[in-house]
Amino acid sequence: GDNESAEAAANSVAFTDADATSALSSEYAHSGTKSVKVTADSSSTFPALVLGDGSDIGLTSGKTYIAKAWVYIPSSNSNLNYGGLKVTQSGGGTYSSATATLNKWVELVVPFLDDDITKIEYFGQKAGGGAVNNDVMYWDDFSIVELNGNPAIPAADATTIRQPV
């Protein structure tokens, strides 16, 4: 949701950057006035925002959740033309959703059973693989909700996401 408030920020979770640098940006926003701009490192093939272990972010093993986020991939990118949301279990199994749509906000939705979730990644890549050389993507309106409708992590737009330290 559009939670640009101090209360939402206090209840947010921190992402870690992987092969990328993230920062709040007002260039594009799905709702509110800002999104998280993710800029790939120069040699990155899989830049991402990463949430860690499911239990560390308030998920309960054995429960079913739905992760959602909106992604915007500009057509001005040279290589990064694919965005996705991926949930990985400790045994290697994954749940994912992805898009190759450019210049339009796209909602990615991933239902998953928490069976020892090791990470949740909001990623970008080049279709077919390869380096994405400083290309960018924008993420907004993140949420993880238990299937029964109870929020596991409060819905958050970009201004409520604590940046990596």
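Going by the structure above, here's the rest.
Here the structure is a predicted model, which means the values were calculated and not measured.

J.: Even after reading the chapter, I still don't get the nonpolar core, so can you show me in this structure?
T.: Looking at soluble globular proteins, one finds that nonpolar side chains tend to be buried together. Membership of the largest hydrophobic core comes to 29 residues, with the highest contact counts inside it found for Leu49, Phe112, Ile120, Tyr122, Trp139, Phe142 and Ile144. Apart from the residues within four sequence positions on either side, Leu49 is in contact with Phe15, Thr16, Asp17, Ser22, Val36, Val38, Ile120, Glu121, Tyr122, Trp139 and Phe142.

J.: What is the right way to look at the packing of aromatic side chains in this model?
T.: Here the distance between the centres and the angle between the planes together describe a pair of aromatic rings. Per the stated rule, a full pass over the model turns up 12 aromatic pairs. Ring centres 5.0 Å apart and planes at 50° place the aromatic pair Phe15 and Phe142 in the tilted group. Within this pair, whereas Phe15 is found in the loop between α1 (6-10) and β1 (16-18), its partner Phe142 is found in strand β10 (residues 136-146), the two being separated by 127 residues in sequence. Per residue, the accessibility class of Phe15 equals that of Phe142, and both read buried. On the numbers, 5.5 Å between centres and 50° between planes, the contact of Tyr72 with Trp105 is tilted. Within this pair, whereas Tyr72 is found in strand β5 (residues 64-72), its partner Trp105 is found in the loop between β7 (94-99) and β8 (106-113), the two being separated by 33 residues in sequence. Clustering of aromatic rings is evident, with ring pairs tying together Phe15, Tyr122, Trp139 and Phe142.

What counts, and where the lines are drawn
Residues numbered from 1 in each chain as written. Predicted model: local features only at pLDDT ≥ 70, side-chain atom pairs only at ≥ 80, totals over all residues. Heavy atoms only, no water. Core = buried A, V, L, I, M, F, W, Y, C linked by side-chain atoms within 4.5 Å. Buried < 20%, exposed > 50% of the residue type's maximum accessible area, 1.4 Å probe, protein only. Contact = heavy atoms within 4.5 Å. Phe/Tyr/Trp six-rings, centres within 6.5 Å; stacked < 30°, edge-to-face > 60°. Helix = DSSP H or I, 4+ residues; strand = E, 2+ residues; numbered from the N terminus.

No statement about biological role is implied by the geometric values presented.
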